[in-house]
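If you want the building blocks of each chain, they are given just below.
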Amino acid sequence: MIRKSFSWEIISETCAVKTIDATVIKESSTGIPQDIVPFFFGKLLNEGEERWLDFMAEGASAKCKISRNQNRHRLFLGELKGALAKFQLEKGGQLFFDKHPVKPNCFIVSGIINETNEIIQPDFPLGNVVGENRLTNTSYRVGHGLFSERVRRRFNYTCCV
């Protein structure tokens with residue numbers, strides 16, 4: 001199910017990754033390519049429509065807007081600016097958006113800082129659900145996208161076996 005589009009990548013049905021660019025750092029917002037938008041709520045928005053979704057990062061929770069204007073979708077993360085500041089966002093780093101295992105329309109944000117490969121692991125409100133299997137229509141490992149990227153970086157994108 002891997003799908004890449006510009007600076008976004010869907011790596012599983014439960015995890016999307018955004019490579020950090022200047023807009024995320026300066027404006028706390030980012031464009032979302034049309035083929036990535038359905039990851040967040042299953043369809044494209046109509047022109048002028050906006051939706052509010054829950055995002056959690058570093059113990060903070062906020063409603064953030066995704067809107068469509070002039071045929072472009074945009075995610076506004078300003079409500080999470082304080083929590084994202086703890087990530088020390090750098091161009092080229094990555095933000096991981098994991099679908100919450102229990103709450104619909106809620107995403108857990110974690111990250112990897114580019115220069116140091118430091119992992120910013122989320123503070124999960126349900127206890128440590130990272131690596132725990134959750135039964136949905138399919139079984140998936142919460143936080144696995146972040147874990148697998150960490151392994152790939154550790155072994156310089158070569159086979160570690």
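Please read these numbers as outputs of a predicted model, since none were measured by experiment.

K.L.:
Describe the nonpolar core, and please don't skip the residues or the numbers.
P.N.:
Counting 28 residues, the largest nonpolar core has F40, F55, L75, L80, F97 and V109 as the members making the most contacts within it. Counting residues per element, the ones that place at least two in this core are strand 2 (8-12), helix 2 (38-41), strand 5 (50-57), strand 6 (60-69), helix 3 (81-85), strand 8 (94-99) and strand 9 (106-112). Core analysis: the second largest hydrophobic core is formed by six residues, V17, F96, I112 and L146 among them.

K.L.:
Could you give an account of the side chain of H100, with specific residues and numbers?
P.N.:
Relative to the helices and strands, H100 resides in the loop between strand 8 and strand 9. The class for H100 is buried, based on a relative accessible area of 8%. A distance of 3.0 Å separates a polar side-chain atom of H100 from the backbone nitrogen of V102.

K.L.:
Quick one: what's the story with the packing of aromatic side chains, residue by residue and with numbers?
P.N.:
Throughout the structure, instances matching the rule amount to nine aromatic pairs. Pairing F40 with F55 gives two aromatic rings, centres 6.4 Å apart and planes at 50 degrees, and the pair type is tilted. Taken together, the residues span a long stretch of sequence, with F40 in helix 2 and F55 in strand 5 at a distance of 15 residues. Judged by relative accessible area, which is 3%, F40 ranks as buried. The exposure class of F55 is buried, given its relative accessible area of 0%.

K.L.:
Please provide a residue-by-residue account of the pairing of strand 5, values included.
P.N.:
Pairing geometry for strand 5 and strand 6, over eight bridges, is antiparallel. Bridging across to strand 6, L53 finds its partner in C64. Hairpin connection between strand 5 and strand 6: a loop of two residues separates the two successive antiparallel strands, and E58 in this loop has a positive phi of roughly 50 degrees. The pairing of strand 5 with strand 9 spans three bridges and is parallel. Residue pairing across strands places D54 opposite C106, the latter belonging to strand 9.

K.L.:
Describe the pattern of salt bridges, naming the residues involved and giving the relevant values.
P.N.:
Evaluation of the coordinates by the stated rule reveals six salt bridges. Here K43 ties to E49 by a salt bridge, and the two come within 4.0 Å at their closest N and O atoms. Looking at K43, the relative accessible area reads 38%, which means it is partly exposed. Here E49 falls in the partly exposed class, since its relative accessible area comes to 23%. Between K65 and E50 there is a salt bridge whose closest N-O contact spans 3.7 Å.

The rules behind these values
Residues numbered from 1 in each chain as written. Predicted model: local features only at pLDDT ≥ 70, side-chain atom pairs only at ≥ 80, totals over all residues. Heavy atoms only, no water. Core = buried A, V, L, I, M, F, W, Y, C linked by side-chain atoms within 4.5 Å. Buried < 20%, exposed > 50% of the residue type's maximum accessible area, 1.4 Å probe, protein only. Helix = DSSP H or I, 4+ residues; strand = E, 2+ residues; numbered from the N terminus. Polar contact = N/O pair within 3.5 Å; in protein donor to acceptor, adjacent residues only side chain to side chain. Phe/Tyr/Trp six-rings, centres within 6.5 Å; stacked < 30°, edge-to-face > 60°. Pairing = 2+ DSSP bridges. Salt bridge = Lys/Arg side-chain N within 4 Å of Asp/Glu carboxyl O.

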